[in-house]
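Chain by chain, the residues run as shown.
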Amino acid sequence: MNPSELKQQLDQAGLMPPKMLTLAITGACNLKCCHCWVEAGEATSHVHVPLRTVCRLVEEFAAIGGEGIRITGGEPLSHPHWLDILRFSRSLGLKTITLQTNAMLLREEHLEPLRELDFPGFTIQISLDGVTSRTHDLVRGEGAYNDAMQGIEKLVHEGLGQRISIFFTEMRHNLGEIPELLDFADRMGIGSVSTGSLVLCGRASETSLVAPPRLEQYLSLLERYDHDDNFRELYRKLSTVAALEWREGGANRQECCTFIENPYLTPSGRLYPCLLCHNDEYSVTDVFEKGLVAALAEGAPLWSSLLRISLCRADEIPECQDCSGKPFCGGGCMGRAWGSCGSLMSADDRCETRRAIYQQKADSSH
């Protein structure tokens, strides 16, 4: 099947063409984070995807009009050819390339090649779950904070600070540190900070060490945003936090899930239609053998039916029926609902918080 035939098949299925491919090049990891969705770093984790296989997949993706690639793991820096993969992706003219890393394995000899790769669409996304070792290491293990900070400092000193995007997982023990995290990022000259709330799946479902933030913590963060000029200024400059966007955003939801703009390929060769929707029933296996185009064609009927489920969620989920945020939320994230509840027709795990924020917004407008 050629690219134009694939595009026609996706159009007929009501699906968007893939724009950003998240490619896990290894299941190996130097950490065993207690909130890891994919449970990387286990003895049973799939190890490195061969370089030739990765390059063939990225080349296929570029040939069908893919615009960007997100290299992840596991920890991608544990792959012996991670720099070669970045170089090859850059040679294809992709608009964006993102490297997701914990920054702990960055070495001095990596810095010059990274600087040579630098272009406006290049992002080094670094996981940082707190501004202290106490909060970060609770999740990632002793010493992780110091090693991550060393990696960040190396990149900043190399002139790559603006290419860094900090990713912070919102949890009960660390949510209050977001303002201080923005202060840190601004002082270091870091390009951006984004956050996402913990999903109780993978290892997070098996531990009592971490938990999602409580509603009152989010309401406290909103209050601080309203009254702390410095926090508000830095947020507008650097950051995206969903709870703040729910209150500030005004546009009605135009669609539900954007299948298959952001597909996710695991190191075992399983393709999901979305980075967050890890439902095996709606996945394609053996992609390394089949090839990406063939896998996308095979998955199209599955993902078309999944899209139909997504589109009816807001009208069928009980919690949505009397919610003032229904036009904005559209039932929430189906992938998060599946990950946290095991049901495609559950409200997503942030429902209570979203409802409260939407109601607060509605009340303030009267």
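As shown above, the structure is provided for reference.
Residues numbered from 1 in each chain as written. Predicted model: local features only at pLDDT ≥ 70, side-chain atom pairs only at ≥ 80, totals over all residues. Heavy atoms only, no water.

1. Remarks on the sheet that holds strand 4 (residues 122–127)
Line of reasoning, step 1. Taking strand neighbours across the sheet as the criterion, the nine strands line up as 7-6-5-4-3-2-1-8-9 in an open arrangement whose pairing is mixed. Strand pairing shows two members of the sheet lacking a second neighbour, strand 7 (239–240) and strand 9 (271–272), which therefore form its edges.
Line of reasoning, step 2. Along the sheet, helix 3 (residues 82–91) makes contact with strand 2 (68–72), strand 3 (96–101) and strand 4, crossing strand 3 at roughly 165 degrees.
Line of reasoning, step 3. Sheet strands touched by helix 7 (residues 178–188): strand 5 (164–170), strand 6 (192–197) and strand 7. Its angle to strand 6, the strand with the most contacts, is close to 155 degrees. (Pairing = 2+ DSSP bridges. Helix = DSSP H or I, 4+ residues; strand = E, 2+ residues; numbered from the N terminus. Contact = heavy atoms within 4.5 Å. Axes fitted to C-alpha atoms, helices over the stretch in contact; angles between N-to-C directions.)

2. Side note on empty space enclosed by the protein
Line of reasoning, step 1. Summed over all chains, the structure comprises one cavity of 30 Å³ or more.
Line of reasoning, step 2. Along the wall of the largest cavity there are 15 residues; nearest its centre are Cys320, Cys323, Cys329, Gly331 and Cys351.
Line of reasoning, step 3. Where the lining of the largest cavity is concerned, the elements lending two or more residues are helix 13 (326–329) and helix 15 (351–364).
Line of reasoning, step 4. Here the element with the most residues in the lining of the largest cavity is helix 15; it accounts for four residues.
Line of reasoning, step 5. In terms of residue class, the lining of the largest cavity is made up of six nonpolar, four polar and five charged. (1 Å grid on protein atoms, 1.4 Å probe; cavity = no way out; pocket = protein on both sides within 12 Å on 5 of 7 lines; lining within 4 Å. Points joined across faces, edges and corners; volume = space filled by probe spheres on them. Nonpolar A, V, L, I, M, F, W, Y, C, P; charged D, E, K, R; others polar.)

3. As for the packing of aromatic side chains
Line of reasoning, step 1. Taken as a whole and assessed by the stated rule, the structure comprises four aromatic pairs.
Line of reasoning, step 2. Ring plane angle 90 degrees and centroid distance 6.0 Å describe the contact between Tyr225 and Phe231, whose orientation is recorded as edge-to-face.
Line of reasoning, step 3. Taken together, the ring pairs in this structure connect Tyr225, Phe231 and Tyr235 into an aromatic cluster.
Line of reasoning, step 4. The aromatic ring of Phe119 is capped on one face by Arg90, whose charged end is 3.8 Å from the ring centroid.
Line of reasoning, step 5. A cation over an aromatic ring shows up here: Lys361 above the ring of Phe328, its NZ or CZ 4.8 Å from the ring centre. (Phe/Tyr/Trp six-rings, centres within 6.5 Å; stacked < 30°, edge-to-face > 60°. Lys NZ or Arg CZ within 6 Å of the ring centre and 35° of its normal.)

4. Section: the pairing of strand 3
Line of reasoning, step 1. Burial runs high along strand 3: five of the six residues are buried.
Line of reasoning, step 2. Where strand 2 lies against strand 3, four bridges are found, and the strand directions are parallel. Directly across from Gly68, in strand 3, lies its bridge partner Thr96.
Line of reasoning, step 3. Regarding topology, helix 3 serves as the crossover connection from strand 2 to the parallel strand 3, and that connection is right-handed.
Line of reasoning, step 4. For strand 3 and strand 4, the ladder comprises five bridges, and the chain directions are parallel. The residue bridging Leu99 from the neighbouring strand is Ile124, located in strand 4.
Line of reasoning, step 5. What joins strand 3 to strand 4 is helix 4 (residues 108–117), and the crossover it makes is right-handed. (Buried < 20%, exposed > 50% of the residue type's maximum accessible area, 1.4 Å probe, protein only. Right-handed = clockwise from strand over helix to strand, strands pointing away.)

5. Let's talk about helix 15
Line of reasoning, step 1. With 14 residues, helix 15 extends 20 Å from end C-alpha to end C-alpha; this agrees with the ideal 20 Å at 1.5 Å per step.
Line of reasoning, step 2. The set of residues buried in helix 15 consists of Cys351, Thr353, Arg354, Ile357, Tyr358 and Ala362. Angularly, the buried residues of helix 15 cover 165 degrees about the axis, an arc narrow enough to put them on a single face. The exposed set on the far side of helix 15, more than 90 degrees from its buried face, consists of Glu352 and Ser364.
Line of reasoning, step 3. On the buried face of helix 15, the contacting elements are helix 8 (215–227), helix 10 (242–248) and helix 13. (Expected span 1.5 Å × (residues − 1). Arc of directions from axis to C-beta.)

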